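An overview of the molecular structure
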Amino acid sequence: MKIAINTGGGDAPGLNAAIRAATLAALKRGWEVYGIKNGYGSIFTEEPFIKLDAKAVQGITLQGGTILGTANRGNPFEMPYQKDDGSWETKDVSDRLVKTFEDYGIDALVAIGGDGSMNIASKLIQKGINIVGVPKTIDNDIFGCDVTLGFDTAIDIATEAIDRITTTAESHHRLMVVEVMGRYAGWIALYSGIASSADVVLIPEIPFSYDSIVEKIKERESKGLQYTMIVVAEGAKQRDGEIVTKGKTPGQEVQLGGIADQVANELSERTGKESRSVVLGHLQRGGSPSTYDRLISLRFGAAAIRCVEEHDYNKLVVLQDNKLTRIPITSIEGKMKSVSLESDTVQTARDIGICLGD
């Protein structure tokens, strides 16, 4: 048996742990293990695969990032290329990928990634490649999976950062707006916002009103509190407004960002208070994974190999009620796990006085 492993999309703490578990579990069964570098990028080079052995994955559980590299512009169905005139276009090179797998005798692929990676996997399945998926994204928005690898570390980092910013907000009597990741789902903002005792939390699932936020600021001032901490997901938007974006390049999803600056400026104008915005950005992705992320990543990686061993292909290994199970990769295509407005976490935020912007 020959298997390949790749990591696609944004990096996340825990990727290396998943790679290590999958590699060691496969080697234990006497299989050959190969890595694909930079998403699917190395497939289109002279060295499509690199050999993975026990030495290659030694000690990587505690490391952030991914030893295989990753890419968010590596969709083989929309691979970007530069034309002679300097402009960029995309083309479908998936048939070349399939042929490379056949030429090298790769029996199955362990694809570690988020919703974009699983959408690619779903299309490759239709072309005959055997795939087992591992759910990765700090956004925690993969449908059918309670927790994805990388999320726990991201909210730990975000919470610590907000804690630190809170002390300077209080010292300077400012409005502080902290932008965290979360394109279309507000898991990071909600969890880190509640944990850090933020005053306002804005998530994509609840379009916000500036009037609601200003009311919260005035309420705090009436109690002698001259500062306000606001946590906003990058995909949050004003009621009847649009998501704030930075633009889009060929082969890549639209880039979000800028909402914190917009909110800070608007609130400053409305209240006359000094404001600052802070974007945590890729800080949330980096560094060593938490204990929980290490463990869940190892569990996911080993479970993926058991899936391959049973020839139960085209499945995504997921965590449901703290138990590992498998669901068809195709079943999550076009779906996203949003924050439920009826969840006890949202209700907790409301009960302890956090303004959600509505």
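Look above for the structure.
Here is what the cut-offs are and how they apply
- Residues numbered from 1 in each chain as written.
- Predicted model: local features only at pLDDT ≥ 70, side-chain atom pairs only at ≥ 80, totals over all residues.
- Heavy atoms only, no water.
- Pairing = 2+ DSSP bridges.
- Helix = DSSP H or I, 4+ residues; strand = E, 2+ residues; numbered from the N terminus.
- Axes fitted to C-alpha atoms, helices over the stretch in contact; angles between N-to-C directions.
- Phe/Tyr/Trp six-rings, centres within 6.5 Å; stacked < 30°, edge-to-face > 60°.
- Buried < 20%, exposed > 50% of the residue type's maximum accessible area, 1.4 Å probe, protein only.

The next point concerns the sheet that holds strand β9 (residues 200–202). Pairing is parallel in the open sheet, where 4 strands are placed in the order β9-β10-β8-β13. Strands at the two margins of the open sheet, each flanked by one partner only, are β9 and β13 (275–279). Here the strands of the sheet are splayed against their neighbours by 15 degrees on average, with no regard to which way each runs. As paired strands, β9 and strand β10 (residues 228–233) are joined by 3 bridges and run parallel to one another.

For the structure shown, the criterion picks out 6 aromatic pairs. Look at Y34 and F49: their rings are 6.3 Å apart centre to centre, the planes differ by 65 degrees, and that puts the pair in the edge-to-face class. With Y34 in strand β2 (residues 32–35) and F49 in the loop between β2 and β3 (50–51), this residue pair connects regions lying 15 residues apart in the sequence. Taken together, a centroid distance of 5.4 Å and an interplanar angle of 70 degrees make the contact between F151 and Y191 edge-to-face. Here F151, found in helix α4 (residues 151–172), pairs with Y191, found in helix α5 (residues 187–195); they are 40 residues apart in sequence, far enough to count as distant. The exposure class assigned to Y191 is partly exposed, which follows from its relative accessible area of 30%. Three or more aromatic residues joined by ring pairs form one cluster here, namely Y34, F49, F101 and Y104.

Looking at where P13 falls in the secondary structure, it is placed in the loop between β1 (2–7) and α1 (15–28). Measuring from C-alpha to C-alpha, the distance between P13 and I329 comes to 22 Å, with 316 residues separating the pair along the chain.

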